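This is what each chain is made of:
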Amino acid sequence: REAAELRRGQRKPRSPHGWGLLVALWLLAFYEPVVTEGHLRRKNLEFIFIRFSAWEFAGCDKLWAGLVTTLCHHIRQHFGALPLSVFHVLGSRPRFASGFSQREWILKKGTCLRLWGLLLVLAVGIAILLVALLVPGIKDHHALKVVGSAVASLSGSSLVLGALSILKNFLISEKKKIERLTNSDRFAGQLGFMSKIRDEVEVLVDFLAFMEVFERRRLRVVLEITSLDLCYPEKVAGVFNAMATLLSDANAPFIFVLAVDPSVIVPCLEQTGCMKGLADNGYLYLNRAVTLPFSIPEMGARSRLRSVEAAIQTREDLLYRIIAGNEADSAAVAWIHEAFRCLHDGADVLSRYLPENGANVRRIVNTIPITLRLLLHRCCAGAAASAAVPSPRAAAAWVVLADRWPCRLSWTLQCLEDSGQNYSQESSSQNSYCQDYCQDYSQDYCQDYSRSSRRDFGQNSSSRSLWSIFQEHAGELSALRQPLGKVLSLDGDPQLFQEFLARDFPFGAVQARQLLGVTVNLDHSIRHQMGLLRALGRL
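What counts, and where the lines are drawn
- Residues numbered from 1 in each chain as written.
- Predicted model: local features only at pLDDT ≥ 70, side-chain atom pairs only at ≥ 80, totals over all residues.
- Heavy atoms only, no water.
- Phe/Tyr/Trp six-rings, centres within 6.5 Å; stacked < 30°, edge-to-face > 60°.
- Helix = DSSP H or I, 4+ residues; strand = E, 2+ residues; numbered from the N terminus.
- Buried < 20%, exposed > 50% of the residue type's maximum accessible area, 1.4 Å probe, protein only.
- Lys NZ or Arg CZ within 6 Å of the ring centre and 35° of its normal.
- Core = buried A, V, L, I, M, F, W, Y, C linked by side-chain atoms within 4.5 Å.
- Domains from an automatic or database assignment.
- Contact = heavy atoms within 4.5 Å.
- Axes fitted to C-alpha atoms, helices over the stretch in contact; angles between N-to-C directions.
- Parallel < 35°, antiparallel > 145°, perpendicular 65-115°, else oblique.
- Nonpolar A, V, L, I, M, F, W, Y, C, P; charged D, E, K, R; others polar.

In the annotation of an unreviewed UniProt entry, the chain is listed under the name NKPD1 protein and assigned to Certhia brachydactyla.

In structure tokens form, the structure reads like this:
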């Protein structure tokens, strides 16, 4: 991307290290950054990855404060303590350019005038003091010495105070400031505590905006939050509150990657007071907090091998090995455009099934490109070579189905999976019977018998539609309303679900099995819970 930007005539990116540090300090002191149209059009990005393991701070009373301090520490470490310290004292928030101006830096006239005024007053004071001390006939005037000393001291003290403020911020980091606040005995009674935390976060956001203009590229801070499902419920809710604080600014360049098990997190959220107004439903809270759900499907054989290989490599000196590869992207882009065209086309029946909630629409739009790329990858890898690959429109419809009716779809898929397992068991018993039967009859007869048995069982599972499977087991789902009540509340209109599967998008079992392997916006823990309930019901 940076090479493409250079070919477009953009200037080369720079960093606040070496000579770049001196340039950054000069601009911090005397210039104000301006966000221009050209800056907003820049395509080159730099991602700053920060790993936050909640388990490391589990023993702390303020787990959410650990998230903020980790963020402050890594940003300070990435850019250096000196630029951030100078920004605290002299820096200014970037402002947007008026019109189509491409000027990215504007001189701080007020700062320059104040500085020149202080230097001029300091020079005058020193000159008066030197005259009073060195010129014969004048050095006996005590009043002149007092005036010179006072003028030099006042002007010099202003400069010294500014330098001390920079030194103070250099020695006392944002992390130490927040830790000092949290360790205070008056922590519980500090009404303005969250305001102070928000002020520190705002300074970081403004500093990142300044560095974007200086480095001539966009910046994104990616916080990877792991091990949250190992913490106590109230601390889990605290981390979500900290995320809301960091994302309260619409221009905040933060991206949170939350790696959790929903079946563990949801009960934790429901035990705290953050569920008020949401009918004590943790799934609804997660749906509102997460803008791009990515539920990882079950591992295949190759993925398990890769996982084992990765685990072995962490024991050796291959920890930092980077594997890079390029693959053709034109087919994926064409599929994504086609899927989005179907969503946006008012004449297409798919558009009538889109949710009214803007957050849910963003989830669907974010999920479709990933689903299509995974589908194409499996197709190229030969996983779908034996069957027709679903069209982009069908894949988009499947994403909408998983988002609008996660409970009913999970139930249908679980029933389909159970019927496949029953088919395998019955096929095994039929093959065993056929082998015994072949001892007395001809081999040709036995082959015909085996083929007809497989054909009968295949007709019961692979050729069926998802709607017929759901209809057959709807009564069983109705009997499980109490244990699955919270999950059922996630579903949309049941009548629309019937029209979707029975009339407009009659997905079959074969298509469902193809798409299930690339489905990332369906919480698979729901299906596992249903399988457990069905198994218990058969005991």
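What follows picks up the thread again.
Peer 1: Summarise the packing of aromatic side chains; cite the residues concerned and give the values.
Peer 2: The final tally for this structure, using the stated rule, is 18 aromatic pairs. With centroids separated by 6.4 Å and ring planes inclined at 70 degrees, the aromatic side chains of Tyr-353 and Trp-405 adopt a geometry described as edge-to-face. Here Trp-405 lies in the loop between helix H16 (392-404) and helix H17 (406-438) and Tyr-353 lies in the loop between helix H14 (330-344) and helix H15 (358-380), a separation of 52 residues in the sequence. Each member of the pair, Tyr-353 as well as Trp-405, is classed as buried. Each residue in the set Tyr-353, Trp-398, Trp-405, Trp-467, Phe-470, Phe-497, Phe-500, Phe-505 and Phe-507 is aromatic and connected to the rest through ring pairs, giving one cluster. Looking at Arg-352, its charged tip hangs above the ring of Tyr-353, at a distance of 4.9 Å from the centre.

Peer 1: Talk me through the nonpolar core; I want residue IDs and the actual numbers.
Peer 2: Judged by nonpolar contacts, the single largest core of 103 residues is most densely connected at Leu-67, Phe-254, Phe-500 and Phe-507. Per-element accounting of this core gives the leading share, 10 residues, to helix H9 (residues 193-215). Taken domain by domain, the makeup of this core includes at least three residues from each of domain 1 (1-107 + 183-259) and domain 2 (301-429 + 453-538). Discounting chain neighbours no more than four positions away, the residues touching Leu-67 are Phe-52, Leu-223, Ile-225, Val-239, Ala-242, Met-243, Leu-246 and Phe-256.

Peer 1: Would you mind going over the packing of helix H11 (residues 262-270) against helix H12 (residues 282-289) in detail, with residue names and values included?
Peer 2: The description of two helices packed together rests on the angle between their axes and the distance between the axes. Where H11 contacts H12, the axes come no closer than 8 Å and their chain directions differ by 105 degrees. Considering the angle they form, H11 stands roughly perpendicular to H12. Counting all contacts with H11, which are made through Pro-262, Ile-265, Val-266, Leu-269 and Glu-270, the residues of H12 involved are Gly-282, Tyr-283, Tyr-285 and Leu-286. Within the contact of H11 with H12, the residues separate by chemical class into seven nonpolar, one polar and one charged.

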